[in-house]
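Observations on the model geometry
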Amino acid sequence: MRAVFAVLAAVALLMPAAGVLAQAYPAKPVRLLIPWPPGGANDVVGRIVAQRLTEQLGQQFIVENRGGASGTIGSDLIAKGPTDGYTLMVTSATHVANPHLYKKLPYDTLKDFTGVTALAVQVGMLVVHPSLPAKTVKEFIAVGHARPDQVVYGSSGSGSFVHLAMALLNASTNTKMVHVPFKGGGPATIALASGEIQAMTATIGSLIPHIASKRVRPLGVTSAKRVAQYPDVPAIAESVPGYEFVAWIGAFVSSGTPRPIVDRLNAELRKALEHPDTARILGAQTLDPMPMSPEQFATLLKVDYDKYDKLIRLTGAKLE
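Chains are numbered independently. Their residues run from 1 in the order of the written sequence. Under the rules for a predicted model, residues below a pLDDT of 70 receive no local features and side-chain atom pairs below 80 are neither given nor counted, while totals for whole chains, interfaces and linings still include all residues. With hydrogens and water set aside, each side-chain value is computed from the structure's full complement of heavy atoms.

**Some thoughts on the overall build of the protein chain**
Each helix corresponds to a stretch of at least 4 residues labelled H or I by DSSP, and each strand to a stretch of at least 2 residues labelled E; elements are numbered beginning at the N terminus. Looking only at helices and strands, one finds 11 helices and 9 strands in the protein chain. Relative to a compact globule of 320 residues, whose C-alpha radius of gyration would be 20 Å, the protein chain shows 21 Å and is just as compact. For the protein chain, the C-alpha atoms occupy an extent of roughly 80 × 40 × 30 Å along the three principal directions. Exposure is judged per residue with a 1.4 Å probe applied to protein chains only, and the accessible area is read against the type maximum: over 50% gives exposed, under 20% gives buried, and values in between give partly exposed. Scored against the burial criterion, the 320 residues of the protein chain give a buried share of 53%. Between two residues, a contact is recorded if the distance between any of their heavy atoms is within 4.5 Å. By sequence separation, contacts in the protein chain at least 24 residues apart represent 79% of the contacts at least 6 residues apart. For the accessible areas, the method is Shrake-Rupley and the probe is 1.4 Å, while residue cover comes only from the protein chains on display. In the structure as shown, the protein chain presents an accessible area of about 14,100 Å², 58% of it carried by carbon and sulfur atoms. For this count, His and the chain ends are skipped, Lys and Arg are scored as positive, and Asp and Glu as negative. One atom stands in for each charge, and that atom is NZ of Lys, CZ of Arg, CG of Asp or CD of Glu. Between the mean site of the 30 positive side-chain charges and the mean site of the 23 negative ones, the protein chain shows a separation of 2 Å. With C-alpha atoms as the basis for the radius of gyration, the globule rule is written as 2.2 Å multiplied by the number of residues raised to the power 0.38.

**So, the pattern of salt bridges**
Two side chains carrying opposite charge are able to pair once their charged atoms lie near each other. Every case where a carboxyl oxygen of Asp or Glu lies within 4 Å of a side-chain nitrogen of Lys or Arg is listed as a salt bridge. For the structure on display, the rule yields 12 salt bridges. Between Glu64 and Arg66 there is a salt bridge, and its shortest N-O distance comes to 2.6 Å. Here Asp309 makes a salt bridge to Arg313, at a shortest N to O gap of 3.0 Å. On the criterion of helical spacing, the pair formed by Asp309 and Arg313 is a turn pair, its members being 4 residues apart in helix H11 (residues 294-315). The class of Arg313 is exposed, set by a relative accessible area of 66%.

**Focus on the packing of aromatic side chains**
Note on ring pairs: Phe, Tyr and Trp rings are taken, using the six-membered ring of Trp, and paired if centres are within 6.5 Å. Classes follow the plane angle, with under 30 degrees stacked, over 60 edge-to-face and the rest tilted. In this structure the tally under the stated criterion is 8 aromatic pairs. An aromatic cluster is present here, built from Tyr107, Phe113, Trp248, Phe252 and Phe297 joined pairwise through their rings. Any Lys NZ or Arg CZ that is within 6 Å of a ring centre and within 35 degrees of that ring's normal is treated as a charge sitting over the ring. The side chain of Lys28 reaches across the aromatic face of Tyr86, ending 4.7 Å from its centre.

**Some words on unusual backbone geometry**
Residue Pro26 is bonded to the preceding Tyr25 through a cis peptide linkage, with omega at -5°. With respect to the helices and strands, Pro26 occurs in the loop between helix H1 (2-24) and strand S1 (30-34). Positive phi, close to 60°, is recorded for Asp149, a residue that is not glycine. Mapping Asp149 onto the fold places it in the loop between helix H5 (137-146) and strand S5 (152-155). One non-glycine residue, Lys214, adopts positive backbone phi at about 65°. Relative to the elements of secondary structure, Lys214 occurs in the loop between helix H8 (204-212) and strand S8 (217-221).

Geometry only, nothing functional implied.
Right, dumping it as structure tokens:
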């Protein structure tokens with residue numbers, strides 16, 4: 001009984017300390033690392049969230065882009081970084097696809113990170129350069145069949161949402177197209193708009209100015225149904241039954257970060273995502289907020305880890 005009381009007393013002493021820890025956080029500026037170049041969906045979401053957190057907590061959340069190798073370079077910095085909550089990473093579901101593409105990563109994807117929350121849904125859109133003679137998804141597939149290994153599509157990196165969405169379309173329609181990976185969604189979108197590549201399934205937010213200027217032609221969205229923002233653009237599934245590919249962008253800290261800090265970050269991120277201005281800005285770019293608890297996000301990570309393993313095997317996607 002004395003031993004039991006001693007343990008209970010120790011827990012009681014720790015609980016106030018944990019509460020104080022969470023209340024005091026953050027006591028200095030926080031580094032918000034985005035392991036992708038500026039201009040893509042990860043960058044958009046990360047910067048919007050950083051601004052809102054700065055306003056809510058009175059400390060600067062300083063955005064740093066550290067792109068390269070499909071997000072793995074920046075992720076490694078988080079995996080090996082401090083566990084004090086002062087470095088936060090915003091990245092996409094590519095995070096759980098990478099271990100199935102790279103023979104060896106310098107970190108364990110599921111063990112070396114703690115998922116704080118998902119932030120936004122990613123929906124893609126199949127777009128082509130106006131020079132490509134395709135105005136519908138069916139015409140695009142027909143061009144692919146007529147020109148095997150001639151249509152060039154870009155992505156934000158091997159294993160990225162942008163890459164796998166097109167790889168799944170190719171696998172579903174038995175078309176063969178040439179994949180050219182870029183260092184991020186921004187550079188890939190610019191390449192498409194300039195005619196350097198011919199097609200891409202980019203996140204919708206990164207395409208908005210190019211669609212408006214008619215530098216790219218929208219053909220279909222990757223969600224099962226049409227999106228409210230572009231009701232005249234059909235779902236790819238209307239031409240390719242069963243096709244659907246959506247993903248997420250989420251927030252992570254190093255594994256070992258104290259749970260009170262994880263909970264504080266989760267609460268503040270949920271508050272940021274629920275702010276009317278945040279929801280409006282993200283929603284306009286088809287990046288609808290999707291806050292969840294750390295436990296829910298951990299479950300999603302495990303499910304998607306297995307999903308991407310099967311998807312990469314199915315599509316034959318590989319590093320290029």
